[in-house]
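The residues making up each chain are set out below.
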Amino acid sequence: MTSATVTPNPTTPDPTTPETTLSEPMTPADLTPAPLDRESGYALLAELAGPVAVATLGGLDGLAPGFADWIVTSLFGGTYQRPGLALRDRQIANLAALTALGGVEPQLADHVRNSLRIGMTREEITEVVVHLAPYVGVPKALAGLRVAASTFTAAEAPTTKAPAAGTPESDTPAPDTSVSVTSASVTPAEARA
């Protein structure tokens with residue numbers, strides 16, 4: 001029997017050479033710090049979603065103490081504070097990601113409202129979702145459009161100074177605030193509006 005000589009492939013790095021191994025493990029001092037600004041996070045959340053959003057975090061905190069604060073601090077006080085994208089661009093990314101993900105209608109509705117609050121038009125929001133159809137599928141795009149249409153309608157609802165529904169001063173029961181997209185339909189006119 002003859003033995004064959006194996007020649008290493010010149011394009012495959014040799015893990016025993018110093019160029020391809022770490023001589024020392026990475027330490028936190030080697031990493032760029034990720035600034036987290038809690039105060040800026042709450043201020044941005046109030047700007048995006050209004051003061052009601054901050055108030056509604058209490059319910060989440062009652063269920064999962066500290067989780068709401070972590071979300072606001074790390075997301076709105078961290079990721080949103082990074083340079084490189086304008087707030088509008090971040091909202092477009094959020095609309096796209098939540099539509100693609102599906103099953104997160106309350107969060108998508110929040111970001112549709114946030115997008116309107118920062119000056120995006122109904123047409124721009126609608127086009128973000130329509131643009132996704134070939135990438136995420138028509139059913140997810142249609143579900144996103146139903147959420148957008150419902151949110152647009154709710155945003156146009158007149159506000160009154162009457163006592164809030166469900167309060168002792170009102171005879172009206174509290175409304176169901178859950179978002180239902182199964183029975184909603186989007187007409188072409190609604191999608192363009």
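The structure contained in this document is the topic of the report that follows. (Residues numbered from 1 in each chain as written. Predicted model: local features only at pLDDT ≥ 70, side-chain atom pairs only at ≥ 80, totals over all residues. Heavy atoms only, no water.)

**A word on the pattern of salt bridges**
Item 1. Evaluated as defined, the whole model comprises 4 salt bridges.
Item 2. Residues Arg38 and Asp69 are paired through a salt bridge, measuring 2.7 Å at the closest nitrogen-oxygen approach. Here Arg38 is found in helix H1 (residues 38-49), whereas its partner Asp69 is found in helix H3 (residues 67-76), with 31 residues between them in sequence.
Item 3. Arg113 is the salt-bridge partner of Asp110, the closest N and O atoms lying 2.4 Å from each other. Linking Asp110 with Arg113, this pair stays in helix H5 (residues 105-117), spanning 3 residues, or about one helical turn.
Item 4. When its relative accessible area of 37% is taken as the criterion, Asp110 is described as partly exposed. (Salt bridge = Lys/Arg side-chain N within 4 Å of Asp/Glu carboxyl O. Helix = DSSP H or I, 4+ residues; strand = E, 2+ residues; numbered from the N terminus. Buried < 20%, exposed > 50% of the residue type's maximum accessible area, 1.4 Å probe, protein only.)

**A closer look at the nonpolar core**
Item 1. By size, the foremost hydrophobic cluster in this structure holds 12 residues: Leu95, Leu98, Val104, Leu108, Ala109, Val112, Met120, Ile125, Val128, Val147, Ala148 and Phe152.
Item 2. Those elements that place two or more of their residues in this core are helix H4 (87-101), H5, helix H6 (122-136) and helix H7 (138-156).
Item 3. Excluding residues within four positions of it along the chain, Val112 makes contact with Leu95, Ile125, Ala148, Thr151 and Phe152.
Item 4. Grouped together as the second largest cluster of nonpolar side chains are 9 residues, Leu57, Val72, Phe76 and Tyr80 included. (Core = buried A, V, L, I, M, F, W, Y, C linked by side-chain atoms within 4.5 Å. Contact = heavy atoms within 4.5 Å.)

**Description of the packing of aromatic side chains**
Item 1. All told, the structure shown has 2 aromatic pairs when counted by the stated rule.
Item 2. Between Phe67 and Trp70, the aromatic rings sit 5.9 Å apart at their centres with planes inclined by 10°, giving stacked as the arrangement. One end of the pair is Phe67 and the other is Trp70, both in helix H3 and 3 residues apart, which spans about a single turn.
Item 3. Its relative accessible area of 39% is what places Phe67 among the partly exposed residues.
Item 4. With a relative accessible area of 52%, Trp70 lands in the exposed category.
Item 5. With centroids separated by 4.8 Å and ring planes inclined at 25°, the aromatic side chains of Phe76 and Tyr80 adopt a geometry described as stacked.
Item 6. Classification of Tyr80 by relative accessible area gives buried; the value is 10%. (Phe/Tyr/Trp six-rings, centres within 6.5 Å; stacked < 30°, edge-to-face > 60°.)

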